[in-house]
Every structure is written in structure tokens, then in C-alpha cells.
Amino acid sequence: MNRKLLILLFFLVTFLTKAQNVVWTTNVTDAIALSKEQRKPLLILFTGTGASENLQIQVFNTPEFQNWSRKKVILVKLDLSAETSSEIREQSIKLKNAFNIVELPEVCFAFANTRNGKTMFQALGKLSYKNEGAKSWISQSEVILNPLE
């Protein structure tokens, strides 16, 4: 009996640990399809080698962000470092330029539509990190996503 209980407890803890982690996609096409399906905007994180880890550590790794993001956005992480494949890097740089991203890391919120093989983005706003914590960052994100509320 005790052995069965320990095994059950192990699987439960493993499941709960994995359930708390958010999933970032690096494929913009897949993210756009999810965005349409779930009717959620894209949260596109532009990052690269040498970019500060503060946003990741103090916002994205928190339970508050993980809970909020599951309900509100589709997460896309675009790495602009040279370590990514040339095709992915080229696509990421085009999007970086289209959204006028200057500093890394920076986040852009957007909706996207694909018609006749061409993708059009509707930018909602951009947000960088100012060392104010997850709650403040989420609050600022809500203003971008819901400007009239």
C-alpha cells in the first residue's frame, strides 16, 4: 500500500511541476494558427545573446506570469543570436525590424492574419522591462491588451 501511495505521489508531483511551466513556441506560423484558434494575441519576445535575463527571471519564471499568460496570450520567443539557423534568424530579424524593436529583450503584442500566403501583423504595443516585478509588468501588459478598460 505504501509503495503504491509513493508512486502515485511521485506522478502527481511530476504532473503538477510540468503543468506550471509555460510553453514558448519559436515557430511564428504555428503561433499564428494558435492565436487564431484560441482568439488570443501573440506575445512575441525578442531576445538574443547578451540580452539581460532580468525579464526572464523576474517576470516570465514567476507563477503570476505563468497563470496570466496561459489565459491571455500565445507565447513566441524569437532568438536573434547567431546560434540559431540562418532561416529562423532571418525571419526573426525581419519581424524585429517590422516591429521597430531597438533593445533586447523586448516584447511586442500583436495579432496576425495570413491571406494569400502573406502575413499581416496588427501591433498592439511594445513593452520592455523596468525592474518593477511581475505584477507591474502584467499590469502594463493589460493596459496594452485592453486599452479602453
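Right above here is the structure, for reference.
About the cut-offs
Residues numbered from 1 in each chain as written. Predicted model: local features only at pLDDT ≥ 70, side-chain atom pairs only at ≥ 80, totals over all residues. Heavy atoms only, no water. Salt bridge = Lys/Arg side-chain N within 4 Å of Asp/Glu carboxyl O. Helix = DSSP H or I, 4+ residues; strand = E, 2+ residues; numbered from the N terminus. Buried < 20%, exposed > 50% of the residue type's maximum accessible area, 1.4 Å probe, protein only. Phe/Tyr/Trp six-rings, centres within 6.5 Å; stacked < 30°, edge-to-face > 60°. 1 Å grid on protein atoms, 1.4 Å probe; cavity = no way out; pocket = protein on both sides within 12 Å on 5 of 7 lines; lining within 4 Å. Points joined across faces, edges and corners; volume = space filled by probe spheres on them. Nonpolar A, V, L, I, M, F, W, Y, C, P; charged D, E, K, R; others polar. Expected span 1.5 Å × (residues − 1). Contact = heavy atoms within 4.5 Å. Core = buried A, V, L, I, M, F, W, Y, C linked by side-chain atoms within 4.5 Å. Pairing = 2+ DSSP bridges. Axes fitted to C-alpha atoms, helices over the stretch in contact; angles between N-to-C directions.

Enquirer: Just to check I follow, could you spell out the pattern of salt bridges for this structure?
Expert: Following the criterion strictly, the structure yields two salt bridges and no others. When the shortest N-O distance is used, the salt bridge between Lys 72 and Glu 142 registers 3.5 Å. Remark: Glu 142 occurs in helix α6 (residues 134-145) and Lys 72 occurs in helix α4 (residues 63-72); sequence separation between them is 70 residues. Relative accessible area serves as the criterion here: at 33%, Lys 72 is assigned to the partly exposed category.

Enquirer: Help me understand the packing of aromatic side chains, please; the structure alone is not making it clear to me.
Expert: Describing an aromatic ring pair means giving the distance of the ring centres and the angle of the ring planes. Applying the stated criterion to the full structure yields 10 aromatic pairs. Centroid distance Phe 109 to Trp 137: 6.2 Å. Interplanar angle 45°. Geometry classified as tilted. Taken together, the residues Phe 109 in strand β3 (residues 106-115) and Trp 137 in helix α6 connect sequence positions 28 residues apart. Note on Phe 109: relative accessible area 0%, which makes it buried. Judged by relative accessible area, Trp 137 falls into the buried class, the value being 2%. Following the ring pairs from residue to residue traces out a cluster consisting of Trp 24, Phe 60, Phe 65, Trp 68, Phe 109 and Trp 137.

Enquirer: Looking at this structure, how should I read empty space enclosed by the protein?
Expert: The rolling of a water-molecule-sized probe over the atoms marks out the regions of remaining empty space. Summed over all chains, the structure comprises one cavity of 30 Å³ or more. Approximately 30 Å³ is the volume attributed to the largest cavity. Around the largest cavity sit Ser 128, Tyr 129, Lys 130, Asn 131, Glu 132, Gly 133, Ser 136, Trp 137 and Gln 140, which together line it.

Enquirer: Would you take a moment to explain the layout of surface pockets for this structure?
Expert: Computed from the structure, the largest pocket encloses a volume of approximately 320 Å³. Residue lining of the largest pocket: 13 residues in total, with Val 28, Gln 91, Leu 95, Thr 119 and Phe 121 positioned closest to the centre. For the lining of the largest pocket, the elements supplying multiple residues, two or more each, are α2 (28-38), α5 (86-98) and β4 (118-127). By residue number, the principal contributor to the lining of the largest pocket is α5, which donates six residues. By residue class, the composition of the lining of the largest pocket is six nonpolar, four polar and three charged.

Enquirer: So what exactly am I meant to see when it comes to α6 here?
Expert: For an α-helix the count is 3.6 residues per turn, leaving residues at separations of three or four pointing the same way. Over its 12 residues, α6 runs 16 Å from end to end, which matches the ideal 16 Å to within 8%, given 1.5 Å per residue. Considering only its buried residues, α6 is in contact with β1 (42-47), α3 (54-60), α4, β3 and β4.

Enquirer: Got a minute to help me understand the nonpolar core in this structure?
Expert: The nonpolar side chains of a soluble globular protein tend to be buried, and buried together. Ranked by internal contacts, the top residues of the largest apolar core, which has 19 residues, are Leu 43, Phe 60, Phe 65, Trp 68, Phe 109 and Trp 137. Secondary structure elements with two or more residues in this core: β1, α3, α4, β3 and α6. Per-element tally for this core: the top contributor is α6, with four residues. In contact with Trp 68, other than residues within four places in its own chain, are Leu 43, Val 73, Phe 109, Trp 137, Ile 138, Ser 141, Glu 142 and Leu 145. With 16 residues, the next largest nonpolar core counts Ala 31, Ile 32, Leu 95 and Ile 101 among its residues.

Enquirer: What is the right way to read the sheet that holds β1 from this model?
Expert: Two strands in a sheet stick together by hydrogen bonds in their backbones, pointing the same way (parallel) or opposite ways (antiparallel). Here we have four strands laid out as an open sheet, ordered β2-β1-β3-β4, and mixed in their pairing. Of all strands in the sheet, those bounded by a partner on one side alone are β2 (74-79) and β4. Adjacent strand axes in the sheet meet at a mean angle of 30° when their direction is disregarded.

By themselves, these observations are geometric and do not establish any function.
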